[in-house]
Amino acid sequence: MDAETRRRIKETVVEILKGADMAETTELKVRSLASEKLGVDLSVPELKRFVREVVESFLLSNEVDHSGGSGREVGEAAVADGGKELEKAGREEEEEEEEEEGRENKRSLGERELDDEGNLVVCRLSSKRKVTIQDFRGRTLVSIREFYDKGGKELPSNKGISLTVDQWASFRDAVPSIETAIKKLESRLQ
């Protein structure tokens, strides 16, 4: 990838991140928006890795900002000088965290865990089941799904369900009734 392409991608990704709600933003969403703005397919492995490095660099600069340092200046300097030092520091820090947590191949924005496809993991129901939020063809979905391991990556299986926001709201509203029914059934079984 030539230097001009790298610069354009980095500037676009940083611009998107600066205006993003970090509690809701995923790497996949950032990459998709940048792809649209630039007219370039950023899902190609080399470009995908580069976008991930830019995101990690940006997050690291924001961590410096939150800890009392001048993160904005660091972030802007990272963009200007290619971000090599911050990218290296971010990778080293991430590797240490992954070893400590025993969760290889996971990425996070802030305190949020992302799965291998860049979807927000809301919670883990078990070692193989997760609740994730994903963007699919422009629609937000809540997925409750079983995952399997393939080549060191956790991938979604066919076992599960994906609910639209409206379906999720209906389900959420029905939870008290479901809990009541469970208690009644359990009391009959005892």
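Details of the structure are given in the entry above.
Because the structure is a prediction, the values reported are computed rather than measured.

A. Broad picture of the pairing of strand β6 (residues 153-164). Judged from the nine bridges that link them, strand β5 (residues 139-150) and β6 form a sheet pairing that is antiparallel. Bridge pairing in β6 places S143 opposite S162.

B. Region of interest: the packing of aromatic side chains. Considering all chains together, one arrives at one aromatic pair under this definition. Residues W168 and F171 carry aromatic rings whose centres are separated by 5.7 Å and whose planes lie at 35° to one another, so their mutual orientation is tilted. Remark: F171 and W168 occur in helix α6 (residues 165-189); sequence separation between them is three residues, near one turn of the helix. On the accessibility criterion, W168 (28% relative accessible area) is partly exposed. Taking relative accessible area as the criterion, F171 reaches 38% and is therefore assigned partly exposed.

C. Representation of unusual backbone geometry within the structure. Even without a glycine there, the phi angle at R137 is positive, about 50°. The topology assignment puts R137 in the loop between β4 (129-136) and β5.

Thresholds, definitions, all that
Residues numbered from 1 in each chain as written. Predicted model: local features only at pLDDT ≥ 70, side-chain atom pairs only at ≥ 80, totals over all residues. Heavy atoms only, no water. Pairing = 2+ DSSP bridges. Helix = DSSP H or I, 4+ residues; strand = E, 2+ residues; numbered from the N terminus. Phe/Tyr/Trp six-rings, centres within 6.5 Å; stacked < 30°, edge-to-face > 60°. Buried < 20%, exposed > 50% of the residue type's maximum accessible area, 1.4 Å probe, protein only.

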